[in-house]
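# Fold and geometry: a report
The lines below spell out each chain.
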Amino acid sequence: MNKNMPTADAITRYYHGSSALFTKFDLTHVLTGASKVKFGYGVYLTSSFKSAAHYSGANKDAVTHYVYTVEIPEITVNNHIAFKQPVNPEIIKRAENKLGYAIPEKVTFDGKEFRKFLAKKLGGGTDIQSEKFASEFLSSIGIDFITWPYSWKNPTLGINVAVLDENNIKIIKVDQVELDAKQQLIAGSEKEVIL
């Protein structure tokens, strides 16, 4: 794990920004916002409330914006892979045992390359279906999360998380927020929504 990154296992509360109001996360809605599956097939969370508010404005046609405060299980060295970080040898071993063949060493030095390798091997490409296969495979070997820094320039600012199984997310609270013209949170605009 990157020594400059805050310890993810100490944080169980994260945020998700959306223009939709809902009571449960559902991965069948992946890509229905204005997002991409850039970091894996899963529910994207961030440790920054302001960042989640910004993401709620991804759909430029949206008139309402929500930030979900959520809790997830503890992130440990054995249940996640991280971008630009070597994959834990125990995870590689579990993957190889399930696949029945050795994984090229060059893709084990970066969680992103590891995930892309699995998407290509299991689904034939980098399309959404291939990414879904990779996430399902990772879940089957005990990987619940993919992580990356909130800011690549300053990793100490926090982390983002792709949760591979929406059932691992508990909604604690939902706030409706307002954004400025640059899709940034207007301070003090938060109003809790009762679901």
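Residues numbered from 1 in each chain as written. Predicted model: local features only at pLDDT ≥ 70, side-chain atom pairs only at ≥ 80, totals over all residues. Heavy atoms only, no water.

### Considerations on the nonpolar core
The tendency in soluble globular proteins is for nonpolar side chains to be buried as a group. Of all hydrophobic cores here, the largest spans 23 residues; its most connected members are Phe114, Leu118, Leu138 and Ile146. Looking at this core, the elements that each hand over two or more residues are helix 2 (89-99), helix 3 (111-123), helix 4 (128-140) and strand 5 (145-149). Beyond its immediate stretch of four places on either side in the chain, Leu138 contacts Ile81, Phe114, Arg115, Leu118, Ile143, Ile146 and Leu164. In terms of nonpolar packing, the next biggest core, distinct from the first, is built from 18 residues, Leu27, Tyr41, Ile159 and Val163 among them. (Core = buried A, V, L, I, M, F, W, Y, C linked by side-chain atoms within 4.5 Å. Buried < 20%, exposed > 50% of the residue type's maximum accessible area, 1.4 Å probe, protein only. Helix = DSSP H or I, 4+ residues; strand = E, 2+ residues; numbered from the N terminus. Contact = heavy atoms within 4.5 Å.)

### What about the packing of aromatic side chains?
Counted according to the given criterion, the structure contains nine aromatic pairs. Seen from their ring centres, Phe22 and Phe25 are 5.0 Å apart, and the 70° between their planes marks the pair as edge-to-face. Residue Phe25 is classed as buried on the basis of its relative accessible area of 6%. With a centroid separation of 4.0 Å and 5° between ring planes, the pair formed by Phe39 and Trp148 is classed as stacked. Within this pair, whereas Phe39 is found in the loop between strand 1 (13-18) and strand 2 (43-46), its partner Trp148 is found in strand 5, the two being separated by 109 residues in sequence. (Phe/Tyr/Trp six-rings, centres within 6.5 Å; stacked < 30°, edge-to-face > 60°.)

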